[in-house]
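Each chain, letter by letter, is given below.
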Amino acid sequence: MKNIRVTRTIHTQRWLQKLGLACLFCFICTGCWSKVEINERTFITTLFVDTTDNPGEIEVTLSMPLPNRLSPEGSGTGKAPYASVSATAPTIADAIEKIQTDLTRKISWGHTRVIVFGQDYAREGIDDTMAWISRQPLFHLSSYAMVAQGKAKDISDLTPVFEETPSDVLREFSTEENLLKTQMLNILAADKMNQGFAASMLDSRIKPMASEEGESKKWVSQIGGAVFRQMRMVDTLTEQEARGVAWASEKLDTLALSVRTRKQKASMSLFDMKSKIQCELRNGEPFFTIHLTGKAELISVIPVLKVKDVLSVKDIEQAVNELITASLTSALHKAKRHGADILSLGYRLEWGHPATWKKLRPVWNQYVKNELQFDVHTAVDIQFVGSESSF
C-alpha cells in the first residue's frame with residue numbers, strides 16, 4: 001500500500017509539472033499585442049527638414065514608396081512608385097503627427113536610411129531633430145545625413161534615373177563612398193565628445209534628360225561639404241576639400257584627378273587610398289600628423305608620356321601630392337576657424353594620451369580654434385603609366 005501511495009504521489013507531481021509548463025507556454029505564446037499588419041504600414045525612406053518663413057516653425061517632408069505602384073519588371077503602371085508628404089509645425093514631432101493624421105497607414109521608421117537638412121535649418125542647429133531621432137527605437141543610427149544647399153524639400157522630387165526612387169539615389173551617394181559618408185552615430189558621438197563633423201552638400205538643378213525623352217527634370221549632385229560644430233552648420237567645403245576630408249577619414253573608395261606640371265597635363269585614377277593619423281606631444285601640447293597614401297594609374301597624359309621618362313612621372317606625383325595636401329589643409333583650417341574637429345582628432349588624443357585629453361576635453365572646441373597644431377603629408381605612387389598605341 002505504501003508503494004502504491006508513493007507511486008500515485010509521483011504521478012500527481014509529474015502531472016502538475018506538465019500542467020504548469022502548459023500554462024506557462026500559454027502565457028508566453030500569446031502573440032504580439034500591438035502588432036500592425038505590413039499592409040497597414042507606410043515605410044519612410046527619407047526625412048527632409050527645413051525652416052519656414054515663420055520664426056520657430058519647421059517643415060518636415062517624408063518620402064515613402066507606394067506599394068500599390070510597385071510591380072515586377074516590365075509591368076509597371078507608368079506612375080512614380082513613390083510619394084512625398086509635408087507638414088509644418090513648431091516641432092518635428094508635431095509635424096509628423098500632422099502627416100500621420102492624413103495618412104491611411106501607420107508610419108514606420110525601420111526603413112529610413114537618409115536625413116536631409118535644409119541649409120537654413122542646419123545653420124540654426126539640428127539639435128531638435130537629433131534629439132528626436134535618438135529617442136526613436138526603430139530609427140537606424142546607421143542612416144546617412146546630408147545638407148541641401150537650398151531647401152531640403154527641393155531634393156525630395158529629384159529624378160531617379162538609375163534607381164527606382166529618390167531615396168535610393170541619396171542612399172547610394174553615401175554607400176558608393178564617392179564623397180563624405182556621415183551617419184547618425186557619427187553625429188551623436190561627435191556631440192558627446194565635444195567635436196565636430198562634416199556632411200555632404202547637395203544641389204539641385206533642372207536639366208534636359210535623354211532618359212525622360214528630352215524633358216527638363218530635376219538632377220541632384222554632390223557639390224562639396226558642410227562643416228558642423230555643436231550640431232550647427234558653420235561653414236562649407238569645396239568638392240576638392242570634401243574629398244580630402246573623406247580620404248583622411250578613410251571613407252573614399254576611388255578618386256580621379258587632373259594636374260598640370262611644367263611639361264604635361266595628366267589625369268589619373270587613384271585607388272588603394274589609406275589614411276593614418278598620428279598624435280604626439282610636443283612641449284606638452286598635442287601635435288597631429290595626417291598621412292595620406294594611395295596608388296594611381298595614369299589615364300591621360302598630354303603630351304604623351306614616354307615609358308622611360310621617370311622624371312616626368314615624379315613631377316606628376318609631386319603635383320598630385322601638393323594638390324591633395326593643399327585641399328585637406330584648407331578644409332582643416334576652415335574647420336579650425338570655427339573650433340570644429342571634423343576628423344575626430346580628439347579620439348586619437350584620448351587613445352594615445354588620455355591624461356592630456358581629460359584636461360582638454362571640456363575646452364576642446366576652443367583649443368581646436370586657437371591652438372590646434374597639425375601637418376598633412378601625401379604620398380601617391382603612380383604604379384601604371386599606361387601604354388601608347390601605335391598607328
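Please refer to the structure higher up on the page.
Now for a description of the structure that goes with this document. (Residues numbered from 1 in each chain as written. Predicted model: local features only at pLDDT ≥ 70, side-chain atom pairs only at ≥ 80, totals over all residues. Heavy atoms only, no water.)

**What about the overall build of the protein?**
Counted only if it meets this: For the purposes of this entry, the term helix denotes a DSSP run of H or I that reaches at least four residues, the term strand denotes a run of E that reaches at least two, and both are numbered from the N terminus. Here the term buried applies to any residue with accessible area under 20% of the maximum for its type, exposed to any over 50%, and partly exposed to those in between, with areas from a 1.4 Å probe on protein chains only. Accessibility throughout is a Shrake-Rupley quantity obtained with a 1.4 Å probe, and a residue counts as covered only by protein chains that appear here.
In terms of regular secondary structure, the protein is built from eleven helices and 14 strands. Expressed as a percentage of the 391 residues in the protein, the buried residues total 43%. With the model as given, the accessible surface of the protein reaches about 21700 Å², and the carbon-plus-sulfur share is 52%.

**Notes on the sheet that holds strand S3 (residues 58-65)**
Quick note on the threshold: Pairing between strands is defined by DSSP: at least two bridges between the two strands are required. A fitted line through C-alpha atoms serves as each axis, taken over the contacting stretch for helices, and the angle formed by two N-to-C directions is quoted from 0 to 180°. Note on contacts: a residue pair qualifies if any of its non-hydrogen atoms lie within 4.5 Å across the two residues.
Spatial strand order, S4-S3-S2-S6-S7-S8-S9-S10: eight strands in an open sheet with mixed pairing. Each end of this open sheet is capped by a strand with a single partner; those strands are strand S4 (82-89) and strand S10 (232-237). Across the sheet, the axes of successive neighbouring strands diverge by a mean angle of 30°, strand direction being ignored. Judged from the eight bridges that link them, S3 and S4 form a sheet pairing that is antiparallel. Residue pairing for S4: Thr61 is matched across the bridge by Ser86. With respect to the sheet, helix H8 (residues 310-337) is in contact with strand S9 (216-229) and S10, its orientation differing from that of S10 by roughly 155°.

**Topic: helix H9 (residues 345-352)**
Selection rule: Directions pointing from the helix axis toward each C-beta atom define the arc.
Among the residues making up H9, those that are buried are Leu345, Gly346 and Leu349. Axial view of H9: buried residues confined to an arc of 105°, hence all on one face. Along its buried surface, H9 packs onto strand S12 (265-282), strand S13 (285-302), helix H10 (354-360) and helix H11 (364-371).

**Section: the side chain of Asp235**
Short version of the rule: In protein, a polar contact means a hydrogen-donor-capable atom and an acceptor-capable atom, both N or O and within 3.5 Å, with residues adjacent in sequence counting only if both atoms are side-chain atoms; elsewhere, any N or O pair within 3.5 Å suffices.
For Asp235, the location among the structural elements is in strand S10. On the basis of relative accessible area, Asp235 is assigned to the buried category, the value being 16%. Polar contacts involving the side chain of Asp235 include one to the side chain of His338, which spans 3.1 Å. With near-sequence residues (within four places) excluded, Asp235 lies in contact with Arg123, Gly225, Ala226, Val227, Lys334, Arg337 and His338.

**Things to note about the pattern of salt bridges**
A pair can form between side chains of opposite charge whenever their charged atoms are brought close. To be explicit about the condition: Here a salt bridge means any side-chain nitrogen of Lys or Arg lying within 4 Å of a carboxyl oxygen belonging to Asp or Glu.
In the structure shown here, the tally under the stated rule is twelve salt bridges. Glu317 is paired through a salt bridge with Lys314; the nearest N and O atoms lie 3.8 Å apart. Here Lys314 and Glu317 lie together in helix H8, a separation of three residues that amounts to about one turn. Residue Lys314 is classed as partly exposed on the basis of its relative accessible area, which comes to 47%. A single network of salt bridges, built from pairs that share partners, joins Asp168, Arg171 and Glu172.

**Thoughts on the packing of helix H2 (residues 92-102) against helix H4 (residues 127-134)**
Let me state the cut-off plainly: The scheme is simple: roughly parallel for angles under 35 degrees, roughly antiparallel for over 145, roughly perpendicular for 65 to 115, oblique for anything else. Side-chain classes follow a simple rule in which Ala, Val, Leu, Ile, Met, Phe, Trp, Tyr, Cys and Pro form the nonpolar group, Asp, Glu, Lys and Arg form the charged group, and the remainder, Gly included, forms the polar group.
Two numbers describe how H2 lies on H4: the axes approach to 10 Å, and their chain directions differ by 65°. Viewed along their axes, H2 and H4 adopt a mutual orientation that is roughly perpendicular. In contact with Ile92, Ala93 and Ile96 of H2, H4 contributes Asp128, Thr129 and Trp132. Counted by class, the contact of H2 with H4 contains four nonpolar, one polar and one charged residues.

**Quick notes on the nonpolar core**
Basically, it comes down to this: Residues enter a nonpolar core if they are buried and are Ala, Val, Leu, Ile, Met, Phe, Trp, Tyr or Cys, with the set joined through side-chain atoms within 4.5 Å.
Core analysis: the biggest nonpolar cluster contains 52 residues, and Trp247, Leu270 and Ile290 have the highest contact counts within it. If you tally residues by element for this core, the top one is H8, at nine residues. Not counting the four nearest positions on each side in its chain, Leu270 is found in contact with Trp247, Thr254, Leu255, Leu257, Lys295, Ala296, Ile324 and Val380. Grouped together as the second largest cluster of nonpolar side chains are 36 residues, Met64, Ala89, Ala190 and Met231 included.

**Comments concerning the pairing of S13**
In this structure, S12 lies alongside S13, joined through 16 bridges in antiparallel fashion. Bridged to Lys276 within S13 is His291. The antiparallel pairing of S12 with S13 creates a hairpin that spans two residues between the two strands, and Asn283 there sits at a positive phi of about 55°.

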